[in-house]
Amino acid sequence: MTSRLKRLAVALLATTLATLGITVANPSPASAAMTICYNTSQAGSYASVANQAASIWNNATVNLTLTANCGSNLRIYRITGGGSYAVRTSLGNGRVYIDTQQAAQYSVLRIMTHEIGHILGLPDNYNGNCSLLMSGGSAGTSCTNAYPSSAEANRVSNLFAGTFAATERSADRAGADIFQDSWPSMLTSVS
């Protein structure tokens, strides 16, 4: 059985068992996990937040591990103005930009984890539901949930296990996917 088929079988089994309410500890062999090296050299004061977000994704998913400063699959930048956003060049590769102005209004950990979610293959979901990480800023400034739902985490695990066809993985398209406007701009008063 090829490595890809083994990963597919393990992911399918884990998904089936999870649907039945059965928990399996580490259903994926360590050798099958993909390592995503993220670089925080341009993240400034948000480097520790990036580490927290990586830990959240590592604990929520299988088939991938985010590791700090071992390479540059994912580069994280601190910016001022223009809004927080992600640019995914391929699944697990790209850039995340965290806007200091939005981070002053919204939970910076939620923003970081959300934007990394784009790099991991998730689209925006502007339904205003705070329990869904990918609802972004539509859940309002009081929402501080920085954890993906089980459906969001399972989708990422499945993407990295190769269980979705290439047509279902938008990250496999040519060019970059840019995810902007998840976080409404700062509220300003009009004089």
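Conventions and cut-offs
Residues numbered from 1 in each chain as written. Predicted model: local features only at pLDDT ≥ 70, side-chain atom pairs only at ≥ 80, totals over all residues. Heavy atoms only, no water. Disulfide = S-S within 2.5 Å. Helix = DSSP H or I, 4+ residues; strand = E, 2+ residues; numbered from the N terminus. Buried < 20%, exposed > 50% of the residue type's maximum accessible area, 1.4 Å probe, protein only. Phe/Tyr/Trp six-rings, centres within 6.5 Å; stacked < 30°, edge-to-face > 60°. Lys NZ or Arg CZ within 6 Å of the ring centre and 35° of its normal. Pairing = 2+ DSSP bridges. Axes fitted to C-alpha atoms, helices over the stretch in contact; angles between N-to-C directions. Parallel < 35°, antiparallel > 145°, perpendicular 65-115°, else oblique. Left-handed = near helix turned anticlockwise from the far one by under 90°. Contact = heavy atoms within 4.5 Å. Nonpolar A, V, L, I, M, F, W, Y, C, P; charged D, E, K, R; others polar. Expected span 1.5 Å × (residues − 1).

Draft legend 1. Just the state of the cysteines, in detail. Per the stated rule, a full pass over the model turns up 2 disulfides. A sulfur-sulfur separation of 2.0 Å characterises the disulfide bridge that pairs Cys37 with Cys70. Looking along the S-S bond of the Cys37-Cys70 disulfide, the torsion reads about -105°, which is the left-handed sense. Taken together, the residues span a long stretch of sequence, with Cys37 in strand 1 (residues 34-42) and Cys70 in the loop between strand 2 (64-68) and strand 3 (74-79) at a distance of 33 residues.

Draft legend 2. Structural detail: the side chain of Thr100. The residue Thr100 is located in helix 3 (residues 100-103) in this model. What makes Thr100 buried here is its relative accessible area of 14%.

Draft legend 3. Spatial organisation of the packing of aromatic side chains. Across all of its chains, the model carries 2 aromatic pairs by this definition. Between Tyr77 and Tyr97 the ring centres are 5.0 Å apart and the planes differ by 15°, which places this aromatic pair in the stacked class. Of this pair, Tyr77 sits in strand 3 while Tyr97 sits in strand 5 (residues 93-99), and the two are 20 residues apart along the sequence. The exposure class assigned to Tyr97 is buried, which follows from its relative accessible area of 14%. Aromatic pair Tyr85 and Tyr97: ring centres 4.6 Å apart, planes at 20°, arrangement stacked. Remark: Tyr97 occurs in strand 5 and Tyr85 occurs in strand 4 (residues 85-90); sequence separation between them is 12 residues. Each member of the pair Tyr85 and Tyr97 is classed as buried. Each member of the aromatic cluster is reached from another via a ring pair, and the members are Tyr77, Tyr85 and Tyr97. Across the ring face of Tyr46, the terminal group of Arg78 is positioned such that the distance to the ring centre comes to 5.4 Å.

Draft legend 4. View of the pairing of strand 5. With 6 of its 7 residues buried, strand 5 lies for the most part within the structure. In the sheet, strand 3 pairs with strand 5 via 6 bridges, with the strands oriented parallel. Across the sheet, Tyr77 pairs through a bridge with Tyr97, a residue of strand 5. As paired strands, strand 4 and strand 5 are joined by 5 bridges and run antiparallel to one another. Opposite Ser90, over in strand 5, you have Asn93 as the bridge partner. The loop that links strand 4 with its antiparallel partner strand 5 comprises 2 residues; one of these, Gly92, has a positive phi angle of about 85°.

Draft legend 5. Just the packing of helix 2 (residues 47-60) against helix 4 (residues 108-119), in detail. Their axes nearest at 9 Å, the elements helix 2 and helix 4 cross at an angle of 55°. Taken together, the axes of helix 2 and helix 4 lie oblique to each other. Here the hand of the crossing between helix 2 and helix 4 comes out right-handed. Between helix 2 and helix 4, the residues in contact are Val49, Ala50, Gln52, Ala53, Ile56 and Trp57 and Val108, Leu109, Met112, Thr113, Ile116 and Gly117, respectively. In terms of residue class, the contact of helix 2 with helix 4 is made up of 9 nonpolar, 3 polar and no charged.

Draft legend 6. Broad picture of helix 4. Its 12 residues place the ends of helix 4 17 Å apart at the C-alpha level, agreeing with the 16 Å of an ideal helix rising 1.5 Å per residue. Counting buried positions along helix 4 yields 11 of 12 residues, so the element is predominantly enclosed. Taken together, the buried positions of helix 4 are Leu109, Arg110, Ile111, Met112, Thr113, His114, Glu115, Ile116, Gly117, His118 and Ile119. One or two positions beyond helix 4, positive phi appears at Gly121, with a value near 110°.

Draft legend 7. Region of interest: helix 5 (residues 150-161). Across its 12 residues, helix 5 extends 16 Å between first and last C-alpha, which sits within 8% of the 16 Å expected from 1.5 Å per residue. All buried positions along helix 5 are accounted for by Glu152, Ala153, Val156, Ser157, Asn158, Leu159, Phe160 and Ala161. At the C-terminal side of helix 5, Gly162 shows a positive phi close to 80°.

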